[in-house]
Amino acid sequence: MNNRKKRELIGKLFLSLSVFTAFLGIFWLLFILSDLIIKGASAINWSLFSKNFVPPGLSGGGMKAAFIGQLIIVSIAVIIGIPFGLLGGTFIAEYGRNSKIAKLISIFADLMTSIPSIVVGTFVYAVMVKPMGHFSALAGAVALAVIMIPVMLKTTENMLKLVPWSLREAAFALGTPYYKVIFQIVYKNAMTGLLTGTILSVARIAGETAPLLFTSLNNSFLSFNINQPMASLTVTIYRYAMGPYDNWHQMAWAASFVITLFVLLTTITGRLIIKWRYKK
Amino acid sequence: MGDYILKVKNLNFFYGSKQVLFNINMNMASNRITALIGPSGCGKTTFLRCFNRMHDLYKGNRYEGEILYKEKDILKMNDNIELRSKIGMVFQSPTPFPMSIFDNVAYGLKLKGIKNRTEVKDRVEAALQGAALWQEVKDRLSAPAGGLSGGQQQRLVIARALAVEPDILLFDEPTSALDPIATAKIEELMIELKKITTIIVVTHNMQQAARVSDYTAFFYLGELIETDKTEDFFTRPKNKQTEDYIRGKFG
């Protein structure tokens, strides 16, 4: 009897402790989000998207260049990063399954995911910006891609390894060549996981600032030239939040709100697609 | 009778340097079911996987000897698509591909380059009929195959193998993941399929071997100990080891 009471007490204690910590985690998230929504949403207006930067001290203006720049830089990063990550992960999980080199790459990718992003920024600065002699959007995209590749690669590897081996054998048993097995069976089976991986890795880089500081830098004007410095949302937020002007802070809040919303929406979209696929 | 579709001559098989099959000699009769039984690790599955050259997928595997399929040596053939459409395989757990029921069955046809829509449609229907699944799925051919029950999935996989009109079907413990009712359906189906194919089945279940097969072969430690007509095999085993095994003394 005594023992039972003790068990129940410990059980309740553990339950309340885990509930408490769960709420603690959610609390901070909600705190940040609500702060963002209150300060950010109120500062949002159309000119934020439609107008360009104005000289410091002047009121009005927007962040059009930063939005477009962000879009261009992230898009290029995705175009570089996804294929590399996907194919690299495919090599590790499929063709190179039992080879030492694949294991080595996998371990390095693991290490890479925990490298501070500013180190990636300085690295790209050294290998691209310095030799080219100037900052460029392309260098920024490469820096983001470097961060993205290991994330994508690891997710791909893990998702493909979840596909039961027997499924591949069943396809082989019909005489299917390996590349068709991968494209038609394995990728399709792992689709939801790969999609989540893609979304996660895009979300991972969409909010990065440090790698861009040394690479794409910033630009006070709207630019479409990827060989030149380009404004990005995160760097602009960084600059505006640090600036002395009130309307800069306002815009930084608004931009933070937008970028958070973007990450949130991509994640939700991904989840919805997953749900829809399973229902079907 | 007397017509052998497969003749195995002096077959040895190695995983790397480890020999797992020792000098197997055996003939498989056309349009009959041959069951391969034996304790775990006896080489029966390894033996089964020689017939469609599944071992080719992994490095370091080596065959010695001959497996004559219609007098042609399988081990010397180099067209796996052709071989594997003639000798199909059904696995332990159902393996529906992540696509619709129809596409699953049509998969092997597309692989062979059959694109004519009516032909594909007809052959898919025939295969599903053959696998006794048509009645259950004819109204939802475009539904994903993953939504079928385990037993239906297994019959779908059989249909997928049947679609390419194989001469031989290899079953690797086809019912070990299924409940008794689904198992009974698969067994019935196997007996039905004898009309059009030859079946080789690996099974852990001696009752299953006794129920469905015409011939039974007992493997132990990589050697073929005894093979005979199923009836004689279970009632009058010639070998002491066979007798011990079917009496449940080891295994």
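Residues numbered from 1 in each chain as written. Chains lettered and ligands numbered in written order. Predicted model: local features only at pLDDT ≥ 70, side-chain atom pairs only at ≥ 80, totals over all residues. Heavy atoms only, no water.

**Q** Looking at this structure, I do not really get the overall build of chain B. What am I missing?
**A** Looking only at helices and strands, one finds 10 helices and 10 strands in chain B. Against the 2.2 N^0.38 benchmark of 18 Å for 251 residues, chain B shows a C-alpha radius of gyration of 18 Å, consistent with a compact globule. Across its three principal axes, chain B shows a C-alpha extent of roughly 55 × 40 × 35 Å. The buried share among the 251 residues of chain B stands at 55%. Restricting to contacts in chain B with at least 6 residues of sequence separation, those with at least 24 account for 66%. By element, 48% of the accessible surface of chain B is carried by carbon and sulfur atoms, the whole surface being about 11,100 Å². (Helix = DSSP H or I, 4+ residues; strand = E, 2+ residues; numbered from the N terminus. Rg over C-alpha atoms; globule rule 2.2 N^0.38 Å. Buried < 20%, exposed > 50% of the residue type's maximum accessible area, 1.4 Å probe, protein only. Contact = heavy atoms within 4.5 Å. Areas by Shrake-Rupley, 256 points an atom, 1.4 Å probe, with all protein chains shown as cover.)

**Q** Whenever I open this one, the packing of aromatic side chains confuses me. Can you help?
**A** How two aromatic rings sit relative to each other is set out by the distance from centre to centre and by the angle between their planes. Residue and element names in this part refer to chain A. What the rule picks out here adds up to 22 aromatic pairs over all chains. With a centroid separation of 5.9 Å and an interplanar angle of 5°, the aromatic rings of F27 and F31 are classed as stacked. Placement of the pair is F27 and F31 together in helix α1 (residues 2-43), with a separation of 4 residues, close to one helical turn. Judged by relative accessible area, F27 falls into the partly exposed class, the value being 44%. (Phe/Tyr/Trp six-rings, centres within 6.5 Å; stacked < 30°, edge-to-face > 60°.)

**Q** Teacher, can you tell me more about the state of the cysteines here?
**A** One way to say it: the disulfide is the covalent bond shared by the sulfur atoms of two cysteines. Residues and elements named next belong to chain B. Taken as a whole, this structure holds 0 disulfides over all chains when the rule is applied. With no disulfide partner, C42 has as its closest neighbouring cysteine sulfur the one in C50, 13 Å distant. A relative accessible area of 2% places C42 in the buried class. On the accessibility criterion, C50 (0% relative accessible area) is buried. (Disulfide = S-S within 2.5 Å.)

**Q** Please explain the environment of K76(B) as it appears in this structure.
**A** By the secondary structure assignment, K76(B) is in the loop between β5 (72-73) and α2 (80-86). K76(B) sits 97 residues away from E173(B) along the chain, and the two C-alpha atoms are 27 Å apart.

**Q** I would appreciate a short explanation of the interface of chain B and chain A in the present structure.
**A** Where interface size is given, it is often the accessible area lost as the parts come together that is meant. Contact with chain B, which involves 21 residues of that partner, is made by 19 residues of chain A. In total, chain B and chain A occlude about 1,700 Å² of area from one another, counting both sides; carbon and sulfur atoms represent 66% of this. Contact with chain A buries surface across chain B, with P98(B), Y107(B) and L111(B) losing the most and accounting together for 30% of the total. In this structure, E169(A) engages R49(B) in a salt bridge whose closest nitrogen and oxygen atoms are separated by 2.4 Å. Here chain B is connected to chain A by 5 residue pairs in polar contact (both at pLDDT 80 or more). Sorting the residues of the side of chain B that touches chain A by element identifies α2, β6 (87-90) and α3 (101-111) of chain B as the ones contributing at least two each. No other element matches the 3 residues that α2(B) contributes to the side of chain B that touches chain A. Residue composition of the side of chain B that touches chain A, grouped by class: 14 nonpolar, 4 polar and 3 charged. (Buried area = accessible area lost by both parts, 1.4 Å probe. Salt bridge = Lys/Arg side-chain N within 4 Å of Asp/Glu carboxyl O. Polar contact = N/O pair within 3.5 Å; in protein donor to acceptor, adjacent residues only side chain to side chain. Nonpolar A, V, L, I, M, F, W, Y, C, P; charged D, E, K, R; others polar.)

**Q** What's the story with the side chain of K44(B) in this structure? I'm lost.
**A** Position of K44(B) relative to the elements: it lies in helix α1 (residues 44-48). For K44(B), the contacting residues outside a window of four places in its chain are L36(B), I37(B), G38(B), P39(B), V202(B), T203(B), H204(B) and F219(B).

**Q** Which parts of the structure should I look at to understand the sheet that holds β5(B)?
**A** Two pairing modes exist for strands in a sheet, parallel and antiparallel, and in both the strands are linked by backbone hydrogen bonds. Ordered in space as β2-β1-β4-β5 (chain B), the 4 strands form an open sheet in which the pairing is antiparallel. Lying at the two open borders of the sheet, with one neighbouring strand each, are β2 (18-29) and β5 of chain B. (Pairing = 2+ DSSP bridges.)

**Q** Would you mind showing me how to read the domain arrangement of chain A here?
**A** Residues and elements named next belong to chain A. What the domain assignment reports for chain A is domain 1 (2-43) and domain 2 (49-279). Here the C-alpha centre of domain 2 lies 31 Å away from the C-alpha centre of domain 1. Listed by partner, the interface residues are 8 residues for domain 1 and 6 residues for domain 2. Taken over both partners, the interface formed by domain 1 and domain 2 buries close to 650 Å², and the fraction arising from carbon and sulfur atoms is 83%. (Domains from an automatic or database assignment.)

**Q** Would you explain the nonpolar core in this entry?
**A** Considering soluble globular proteins, one finds that nonpolar side chains tend to be buried as a cluster. Formed by 54 residues in total, the largest nonpolar core has its most connected members in L6(B), F47(B) and F51(B). Looking at which element gives the most residues to this core, the answer is helix α8 (residues 178-189) of chain A, with 6 residues. Other than its neighbours up to four places away in sequence, L6(B) contacts M26(B), N27(B), M28(B), F51(B), I67(B), L68(B), Y69(B), I74(B), I168(B) and I200(B). With 46 residues, the next largest nonpolar core counts A131(B), A161(B), A163(B) and A182(B) among its residues. (Core = buried A, V, L, I, M, F, W, Y, C linked by side-chain atoms within 4.5 Å.)

**Q** Explanation requested: the pairing of strand β7 (residues 168-172) of chain B in the structure shown.
**A** Within a regular strand, side chains alternate between the sheet's two faces. Residues and elements named next belong to chain B. The buried fraction of β7 is high, at 5 of 5 residues. Sheet topology places β6 next to β7; 4 bridges connect them, and they run parallel. Paired with V90 across the strands is F171, a residue of β7. Assessed by its sense of winding, the connection that carries the chain from β7 through helix α7 (residues 180-193) to strand β8 (residues 198-202) is right-handed. (Right-handed = clockwise from strand over helix to strand, strands pointing away.)

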